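Working through the structure, step by step
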Amino acid sequence: MSIEDIQNEIIDEFAMFEDWEERYQYMIDLGKDLPLINDQYKTESNIIKGCQSKVWVHAELNDDKIEFTADSDAIITKGIIAILIRTFSNQHPQDIIDANTDFIDKIGLKEHLSPTRANGLVSMVKQLKMYAIAYQTQIK
């Protein structure tokens, strides 16, 4: 599936819910299914800077696609990173670099987060794209 297809699927899923209480619960449930980071990668260097909570992300390049794993010490944040990992994991680095992230606004996520969590969301996207830039240089 392309990044855009996954994003559209997420938009459709969030549209099924009546209110943000249900959407938050859905995000928490998504966080429970997050591909968890191996404990050996829960290091200071894998923590995303700019997040209110601790969020660890690890990336590996396999067959020219990046596989992300992550974890967080907060349930909402874990749901947020789960959405991003679902979107960007198992994709080519250049596709991640080029990806539009408007789907975050379309599901209304940013406007329903506290300012510090919204800043954390931006930091998460930046970090995933930075991994993609680093791996893209290895492919060429």
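A quick note: this is a predicted structure, and the numbers were derived from the prediction, not measured.

**Some points on the overall build of the chain**
For the chain, the helix and strand inventory stands at six helices and two strands. Listing the helices and strands of the chain from first to last along the sequence gives α-α-β-β-α-α-α-α. The C-alpha atoms of the chain give 14 Å as radius of gyration, which agrees with the globular expectation for 140 residues (14 Å, within 12%). In terms of overall dimensions, the chain has a C-alpha envelope of 45 × 30 × 25 Å along the principal axes. The buried share of the chain, taken over its 140 residues, is 47%. Once local pairs closer than 6 in sequence are excluded, the contacts in the chain between residues at least 24 apart make up 65%. For the chain, the exposed surface amounts to about 7500 Å²; the carbon and sulfur share of it is 47%.

**Looking at the UniProt feature "domain: Fe-S metabolism associated" (unreviewed entry) in the chain**
According to UniProt, the "domain: Fe-S metabolism associated" (unreviewed entry) feature falls on residues 12-130. End C-alpha to end C-alpha, residues 12-130 measures 28 Å, and it is 48% helix and 13% strand.

**What to know about the environment of Gly79**
Mapped onto the elements of the fold, Gly79 is located in helix 3 (residues 75-88). A relative accessible area of 0% places Gly79 in the buried class. With 68 residues separating them along the chain, Gly79 and Ile11 place their C-alpha atoms 15 Å apart. Beyond its immediate stretch of four places on either side in the chain, Gly79 contacts Met27 and Gly31.

**Here we look at the pairing of strand 2 (residues 65-72)**
Consecutive residues of a regular strand have side chains that alternate between opposite faces of the sheet. In this sheet, strand 2 lies alongside strand 1 (residues 55-62) in antiparallel orientation, the contact comprising eight bridges. Looking at the pairing, Val57 lines up with Ala70 of strand 2. Counting the residues in the hairpin turn of strand 1 and strand 2 gives two residues, including Asp63, whose phi is positive at 50°.

**Side note on the environment of Lys32**
Within the element layout of this structure, Lys32 appears in helix 2 (residues 20-32). For Lys32, a relative accessible area of 62% puts it in the exposed group. Linking Lys32 and Gly79, residues 47 residues apart in sequence, is a C-alpha distance of 7.6 Å.

Rules and cut-offs
- Residues numbered from 1 in each chain as written.
- Predicted model: local features only at pLDDT ≥ 70, side-chain atom pairs only at ≥ 80, totals over all residues.
- Heavy atoms only, no water.
- Helix = DSSP H or I, 4+ residues; strand = E, 2+ residues; numbered from the N terminus.
- Rg over C-alpha atoms; globule rule 2.2 N^0.38 Å.
- Buried < 20%, exposed > 50% of the residue type's maximum accessible area, 1.4 Å probe, protein only.
- Contact = heavy atoms within 4.5 Å.
- Areas by Shrake-Rupley, 256 points an atom, 1.4 Å probe, with all protein chains shown as cover.
- UniProt positions renumbered as here; feature names shortened; annotations may be inferred.
- Pairing = 2+ DSSP bridges.

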